[in-house]
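# Tertiary structure, described
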Amino acid sequence: MMKLRLATPEYVIDINNIPDLAYIREDKAIVSIGALTREAEVEHSSLLKKYFPIFGDVTKLIADPQVRNRSTIGGNLAHGDAANDHPAVMLALGATVVIAGPNGQRSVPIDEFFFGFYQTAIQPDEILTEIQIPCRRTARVTRTIN
């Protein structure tokens, strides 16, 4: 948004040096992706290819290799742009995002995370720290069509 001159924040805080926010790992029936994991890592992750091959297809469509080597999956989601591919993929996979702030951390189902164009559940004093995706999605029936 800053590149397009749609946002001109007074301060910009670089969170790239926060330890332990860049990873892709499996724990029981959940694959967790740290918010600072680069798009290039998502694109080439053997773990994500094993459970969710769609990431390889979706991520390689993001901008160009230079952008994918710097941009992060957490930044992509926190941006809240409905035109991006990751929000749709996360909705389809039933992901949950973990958000941290001064009052601790909270988990938000992805279908409660986006409020509108460029609007998310992240409060001004919070950051997205992790994306959690169930390895086996159980279908939820929300409406029966007769």
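Residues numbered from 1 in each chain as written. Predicted model: local features only at pLDDT ≥ 70, side-chain atom pairs only at ≥ 80, totals over all residues. Heavy atoms only, no water.

## What about the overall build of the chain?
The test is simple: Only DSSP runs of H or I covering at least 4 residues are called helices, and only runs of E covering at least 2 are called strands; the numbering of each starts at the N terminus. We call a residue buried when its accessible area falls under 20% of the maximum for its residue type, exposed when it is over 50%, and partly exposed in between, using a 1.4 Å probe and counting protein chains only.
Looking only at helices and strands, one finds six helices and seven strands in the chain. Traced from its N-terminal end to its C-terminal end, the chain shows the element sequence β-β-α-α-α-α-α-α-β-β-β-β-β. Its C-alpha atoms put the chain at 50 × 30 × 30 Å along the principal axes. For the chain, buried positions account for 37% of its 146 residues.

## Remarks on the pattern of salt bridges
Just so we agree on the cut-off: Salt bridge criterion: a side-chain nitrogen from Lys or Arg within 4 Å of a carboxyl oxygen from Asp or Glu.
Going through the model one piece at a time under the given rule, you end up with one salt bridge. Between Glu126 and Arg106 there is a salt bridge, with the nearest N and O atoms lying 2.8 Å from each other. Linking Glu126 in the loop between strand E6 (119–120) and strand E7 (127–134) with Arg106 in strand E4 (residues 104–109), this pair joins segments that are 20 residues apart in sequence.

## As for the environment of Val98
For clarity, the threshold we go by: A contact between two residues is defined here by any heavy atoms of the two lying within 4.5 Å.
Mapped onto the elements of the fold, Val98 is located in strand E3 (residues 96–101). Note: C-alpha distance between Val98 and Met1 (97 residues apart in sequence) is 23 Å. Those residues within four positions of Val98 in sequence are excluded, and the remaining contacts are Gln105, Arg106, Ser107, Ile127, Leu128, Thr129, Glu130 and Gln132.

## Brief notes about the confidence of the model for the chain
Filter applied, for reference: Scored from 0 to 100, pLDDT records how confident the predictor is in each individual residue.
On average, the chain scores 88 in pLDDT, and the residues at 70 or more come to 92%. Confidence drops under a pLDDT of 50 for residues 138–144, and excluding neighbours within four residues, the segment shows one contact in the predicted structure.

## Things to note about the environment of Ile99
Positionally, Ile99 belongs in strand E3. Along the primary structure Ile99 and Asp125 are separated by 26 residues, whereas in three dimensions their C-alpha atoms are 10 Å apart.

## Concerning the sheet that holds strand E1 (residues 24–27)
For the record, the criterion: Should DSSP find at least two bridges between two strands, the strands are taken to pair. Axis definition: a line fit to C-alpha positions, over the contact stretch in the case of helices; interaxial angles, taken between N-to-C directions, run 0 to 180 degrees.
Pairing in this open sheet of five strands is antiparallel, and the strands run E1-E2-E7-E3-E4 from one edge to the other. Two strands bound the open sheet, and with one partner strand each, they are E1 and E4. The sheet shows a mean angle of 25 degrees between the axes of neighbouring strands, taken without regard to direction. With five bridges connecting them, strand E2 (residues 30–34) and E7 associate as antiparallel partners. Among the inter-strand pairings, Ser32 is bridged to a residue of E7, identified as Gln132.

## Comments concerning the pairing of E1
Two faces, one strand: in a regular strand the side chains alternate between the faces of the sheet. Summarising the sheet, E1 and E2 pair through four bridges and their orientation is antiparallel. The residue bridging Arg25 from the neighbouring strand is Ser32, located in E2. The loop that links E1 with its antiparallel partner E2 comprises two residues; one of these, Lys28, has a positive phi angle of about 60 degrees.

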